[in-house]
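Results of the structural survey
If you want the building blocks of each chain, they are given just below.
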Amino acid sequence: MMNVPFLDLKAQYHSIKDEVDKKLVEVCENTAFTLGPYVEEFEKKFSEYLGVKHFVATSTGTSALHSALLAFGIGNKDEVIVPVNTFTATAEAVVMVGAKPVFVDNDPVTYNMDISKIENLITHKTRAIIPVHLYGMPVDMEKLGEIAKKHNLIVIEDCAQSHGAKFKGKITGTFGHAACFSFYPGKNLGSYGEGGGVATNSTEIAEKIEKIRNHGSKIKYVHEFVGYNYHMHGFQGAMLTIKLKYLDGWNKRRLQIAKRYNEMLKDVKDVVPPFIDDNCEHVFHLYVIRTNKREELKNFLNDNGIGTNIHYPHPLHLQESYKFLGYKKGSFPIAEGYAPKLLSLPIYPEITDEQIDYVVEKIKQFYRENG
Ligand SMILES: *Cc1c(COP(=O)(O)O)cnc(C)c1O
């Protein structure tokens, strides 16, 4: 039996081990543990990579979203439109500033927020939209941008899963007024702990976020407002600077893997593989299929040494934590209908073609036996 873990961060570490080990020692020798030169270097490199004026590093993707919403002055009585099919942090940040998340169902093909359903949800309280480029698939930012412009709404992209992804040749993180990134270890660009940050072309917003992450302070011990401790660690800045060099190559490999899966799975009747749009450069943070036999298939693959996952088992409006918003079962038929069918297969740059073929072979075997 072959072993195919859902994610293999150790394999990636080993591929860059010499650089990483040397750098860790260097950070210790320089005792540059929080913010400081290694974080500043990463901020510079990542803003250049994106082609934006500013990138302000933070402690996590969640604190990046929180800081961005605060910087735009979004708070009490405001409404923010977010997809219902996303990681909880997207909506959590909206609640953290005292505003109300307004959920949108997902597009049945792309899994991203259904843009055609946004305008119906806009009220006089709506201030912002947070599109999530889910699984690494860019949202149609042209259509979304038109709606935002027409209604004078702030757009904050959630790029936690889309580092390097492009929509019509333009990189995600450069369409909105700001964009939030997560560098959680398993993301396409992952740190060795936690990390995040906000990209923006607005100097005013960038300066605000620099203060928000640092106790409301620009000058040491002078506090203009009550802020947060959202510093990025020096280690993380140093690791991310190393890993950024490999990001495009890793993303390319992810797309190749996805295409291999798609090609090999196309005759499996009960499997709907992800949509690959020629207008986009999808970076496949996750490779998500739909199947009517999700639980049985998941167990079968697990018994054969293959790790899988579910993103996400419960649409946000059905979570206990968002019960107070008053949504009911049936509010978002696409997301609810899909949730029991989603299955994420192993995808990471270091997975071998043999491992991919093994996963597909086991899926085919499952259907031969359980057709
Ligand atoms: C990972 C993730 C976040 C949160 O990032 P953290 O660094 O874990 O706080 C936010 N939004 C989405 C879509 C994510 O996948």
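Since the structure is predicted, the reported quantities are computational estimates derived from the model, not experimental observations.

Spatial ordering of the open sheet is given by 10-12-13, a layout of 3 strands whose pairing is antiparallel. The strands lining the two open edges of the sheet, one partner per strand, are strand 10 (271-272) and strand 13 (342-345). Of the pairings in the sheet, the one linking strand 10 to strand 12 (residues 287-291) comprises 2 bridges and is antiparallel in character. The residue bridging valine 271 from the neighbouring strand is threonine 291, located in strand 12. Together, strand 10, strand 12 and strand 13 form the strand contacts of helix 8 (residues 234-265), whose direction differs from that of strand 12 by roughly 20 degrees.

A few words now on the side chain of threonine 90. Counting through the fold element by element, threonine 90 comes out in helix 5 (residues 89-96). Judged by relative accessible area, threonine 90 falls into the buried class, the value being 1%. Within the local environment of threonine 90, its side chain forms a polar contact with the side chain of aspartate 158, the two groups lying 2.9 Å apart. Setting aside anything within four residues of it in sequence, one finds threonine 90 in contact with Leu65, Val82, Ile130, Val132 and Asp158.

Below, the discussion takes up the packing of helix 4 (residues 61-71) against helix 7 (residues 203-212). For the pair helix 4 and helix 7, the least separation of the axes is 9 Å and the interaxial angle reads 125 degrees. Comparing their axes, helix 7 and helix 4 come out oblique. Every pair of crossing elements has a handedness; the one defined by helix 4 and helix 7 is right-handed. In this structure, helix 4 uses Ser67, Ala68, Leu70 and Ala71 to contact helix 7, whose residues at the interface are Ile205, Lys208, Ile209 and Ile212.

Among the residues making up helix 5, those that are buried are Ala89, Thr90, Ala91, Ala93 and Val94. Each element contacted by the buried residues of helix 5 is listed here: helix 4, strand 2 (79-83), strand 3 (100-104) and strand 5 (154-158). The first or second residue beyond helix 5 is glycine 98, which carries a positive phi of 90 degrees.

Right, let's talk about the nonpolar core for a bit. Counting residues in hydrophobic clusters, the biggest one holds 33 residues, and the most contacted among them are Leu69, Ile74, Val80, Phe103, Ile130 and Ile156. Counting only elements with at least two residues in this core, the list comes to helix 4, strand 2, helix 5, strand 5, strand 8 (178-182) and helix 7. The element contributing the most residues to this core is helix 4, with 5 residues. Once residues within four sequence positions are removed from consideration, isoleucine 156 is found in contact with Ala68, Leu69, Phe72, Ile129, Ile130, Pro131, Ala178 and Cys180. Grouped together as the second largest cluster of nonpolar side chains are 27 residues, Val268, Val359, Val360 and Ile363 included.

Rules and cut-offs
Residues numbered from 1 in each chain as written. Predicted model: local features only at pLDDT ≥ 70, side-chain atom pairs only at ≥ 80, totals over all residues. Heavy atoms only, no water. Pairing = 2+ DSSP bridges. Helix = DSSP H or I, 4+ residues; strand = E, 2+ residues; numbered from the N terminus. Contact = heavy atoms within 4.5 Å. Axes fitted to C-alpha atoms, helices over the stretch in contact; angles between N-to-C directions. Buried < 20%, exposed > 50% of the residue type's maximum accessible area, 1.4 Å probe, protein only. Polar contact = N/O pair within 3.5 Å; in protein donor to acceptor, adjacent residues only side chain to side chain. Parallel < 35°, antiparallel > 145°, perpendicular 65-115°, else oblique. Left-handed = near helix turned anticlockwise from the far one by under 90°. Core = buried A, V, L, I, M, F, W, Y, C linked by side-chain atoms within 4.5 Å.

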